[in-house]
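Structural description and commentary
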Amino acid sequence: MPASTLKSSINPNSPDFQKNSRRIVDLLTQIKNQDELIRQGGGAKGIEAQHKKGRLTARERIAKLIDPGSYFFELGAFAAFEMYEEWGGAPSAGVITGLARICGRQFMLVVNDATVKAGAFFPMTAKKVIRAQNIAIENHIPTMYLVDSAGVFLPLQEDVFPDTDDFGRVFRNNAVMSAMGIPQLTAIMGMCVAGGAYLPVMCDHILMTEGSGLFLAGPALVQAAIGQKYSAEELGGAKMHSQVSGTVDFREPDDESCIVRIRALVDKMGAPDPPIFSHIASREPLFRAEEIYGIFSGDAAKQYDMREVIARIVDASEFEEYRAEYGETLLCGYARIGGWAVGIVANQKKHVQTTAPGSDQKRIEFGGVIYTESAEKAARFILDCNQNRIPLVFLHDVNGFMVGRDAEWSGIIRAGAKMVNAVSNSVVPKISVICGGSFGAGHYAMCGKAYDPRFIFAWPTARYAVMSGDAAASTLAEIKLKQMEREGKKVDEKSKKELYEAVRSTYDHQADPRYAAARLWVDAIIDPAKTRDSLIWALESSALNSHLPEFKTGVLQT
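Residues numbered from 1 in each chain as written. Predicted model: local features only at pLDDT ≥ 70, side-chain atom pairs only at ≥ 80, totals over all residues. Heavy atoms only, no water.

What to know about the overall build of the protein chain
- Within the protein chain one finds 20 helices and 20 strands.
- With the C-alpha coordinates aligned to their principal axes, the bounding extent of the protein chain is approximately 85 × 70 × 50 Å.
- The burial tally for the protein chain puts 54% of its 558 residues in the buried class.
- Carbon and sulfur atoms make up 53% of the accessible area of the protein chain, which totals about 24,800 Å². (Helix = DSSP H or I, 4+ residues; strand = E, 2+ residues; numbered from the N terminus. Buried < 20%, exposed > 50% of the residue type's maximum accessible area, 1.4 Å probe, protein only. Areas by Shrake-Rupley, 256 points an atom, 1.4 Å probe, with all protein chains shown as cover.)

This is the structure:
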């Protein structure tokens with residue numbers, strides 16, 4: 001084997017391997033069961049109501065639109081999970097978004113689910129549509145909107161209407177995408193009312209089915225506002241807009257014929273610009289992806305070798321490791337995924353024996369912790385990837401930066417700032433996968449959400465917070481206990497334990513990847529065995545944008 005080919009020394013029959021596998025399979029089962037419920041949208045009654053109108057559901061439309069036998073890579077499925085329960089919930093925020101192939105070309109799909117509150121926009125609906133548009137803008141992905149929405153959910157209008165990441169941003173993005181030359185097609189396949197009526201008219205092609213409505217104000221509002229009485233068809237039906245206003249380009253009798261027309265239009269689109277990133281034929285890893293279940297340990301006290309995970313993600317399990325003997329708690333190196341060249345920055349969870357800088361003393365560096373040397377190595381590696389136009393993949397399982405006197409004396413803040421600067425100013429595509437913990441400033445340095453990753457995914461084992469649940473519970477419980485003591489209250493050991501458990505339970509719930517996905521802090525919760533497939537989707541999307549701005553870092557503390 002070439003020196004760059006990773007070897008594997010796992011024992012699938014070991015108790016730890018079996019225990020790890022069971023834990024991930026149990027988590028995946030939970031999430032898949034919840035995902036199935038989410039996919040039902042508004043439930044059987046909502047689906048039946050849609051069919052009675054002669055319309056397909058959102059997911060039925062997607063299935064007919066995308067290439068036969070191809071896969072719809074859904075993003076934001078858990079948006080609004082366990083939110084808006086006082087209003088009966090909003091599964092998937094009432095809109096389905098994701099990547100798909102239509103006539104062989106990659107598209108971002110934004111599809112209103114009319115079975116969920118008539119497709120009305122909740123606060124998270126607007127944010128989800130905007131996130132899909134932002135992904136399309138960053139990666140120059142052609143975008144398709146299938147519109148079937150009653151407009152803003154009025155009881156929550158104050159959280160949907162006015163701010164920069166609210167409903168109005170959707171139309172602003174339509175205009176920006178058009179100016180950038182990103183193709184946008186809209187099919188009105190139900191209601192499209194009020195401010196939402198601007199979305200289709202700001203796109204390149206507008207299709208509309210019979211029985212749909214496109215108007216700034218519906219019949220009831222028109223009568224209340226100016227006293228005129230018209231039917232929905234007279235105000236904004238498909239026939240009126242195709243024959244009188246001239247607003248729509250194609251009038252179609254039903255959903256099926258509309259989808260046929262969409263595919264015919266896409267078939268005539270010109271090819272995208274050639275990618276600027278290195279790409280060759282894809283090669284499968286040497287090892288089974290499902291073995292990741294047993295390799296990964298979510299137990300903070302357990303070690304595992306992140307190289308074993310990388311070996312099951314990258315092409316031919318080949319990994320050109322950068323400065324392999326320096327700053328070993330961060331792995332950096334070059335590889336290919338689906339034929340695409342990538343630079344990988346990954347937290348190593350094995351403890352490392354090393355020599356303290358400036359002496360011959362041996363010391364142990366803890367896995368999952370970023371030390372001065374590892375931060376400096378990663379910063380330099382990120383600079384190289386930008387210099388050579390190589391997209392970056394970050395694999396998170398990080399407790400944070402090292403603390404203490406020795407760390408401070410070694411310049412940990414300076415080194416951490418250097419890494420954060422490099423990540424912040426990086427212009428090549430960045431894709432993050434939160435495998436385990438992603439805590440504190442370590443989350444930032446590893447390209448957390450605030451650092452503009454093109455995509456950010458999470459495994460079911462992900463934990464996403466300022467600090468771990470145990471550390472946070474101890475800190476918060478101690479503060480609460482001291483407050484109670486100042487108030488003259490006596491607290492016995494049982495009460496202390498109950499307080500600790502209550503704090504930890506709340507904190508752990510908020511650190512769960514489903515909590516993050518509900519708020520769109522991650523784009524998708526993925527099966528660890530599907531990490532490679534997810535990264536290939538992301539890399540293929542990123543390659544559609546053939547323009548990179550000049551790379552500059554500003555001042556680096558050296």
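Okay, back to it.
As for helix α1 (residues 15-39)
- Look at α1: 36 Å from first C-alpha to last across 25 residues, which is about the 36 Å you get at 1.5 Å a residue.
- Among the residues of α1, F17, N20, S21, I24, L27, L28, I31, D35 and I38 are the ones counted as buried.
- Among the structural elements, α11 (292-295), α19 (513-518) and β20 (524-525) are those in contact with the buried residues of α1.
- At the exit of α1 stands G41, carrying a positive phi of roughly 60°. (Expected span 1.5 Å × (residues − 1). Contact = heavy atoms within 4.5 Å.)

Here we look at the environment of L331
- Looking at the element boundaries, L331 is found in strand β10 (residues 330-337).
- Its relative accessible area of 0% is what places L331 among the buried residues.
- Between the C-alpha atom of L331 and that of V116, which follows or precedes it by 215 residues, the distance is 45 Å.
- Beyond its immediate stretch of four places on either side in the chain, L331 contacts M306, R307, I310, E321, I344, V345, A346 and Q348.

A look at the packing of helix α4 (residues 123-139) against helix α5 (residues 167-179)
- Running from N to C, α4 and α5 cross one another at 20°; their axes reach a closest spacing of 9 Å. It follows from the interaxial angle that α4 and α5 lie roughly parallel. At the point where α4 passes α5, the crossing takes the left-handed sense. Note on element contacts: α5 touches α4 through F167, R169, V170, N173, N174 and M177, opposite A126, V129, I130, Q133, N134, A136 and I137.
- Its residues placed into classes, the contact of α4 with α5 shows eight nonpolar, four polar and one charged. (Axes fitted to C-alpha atoms, helices over the stretch in contact; angles between N-to-C directions. Parallel < 35°, antiparallel > 145°, perpendicular 65-115°, else oblique. Left-handed = near helix turned anticlockwise from the far one by under 90°. Nonpolar A, V, L, I, M, F, W, Y, C, P; charged D, E, K, R; others polar.)

Looking at the pairing of strand β6 (residues 205-209)
- Counting buried residues in β6 gives four out of five residues, a clear majority hidden from the surface.
- The sheet contact formed by β6 and strand β8 (residues 250-252) spans three bridges and is parallel. Each residue of the ladder has a partner; that of T209, found in β8, is E252. (Pairing = 2+ DSSP bridges.)

Fair warning: the whole summary comes from geometry, so function is off the table for now.
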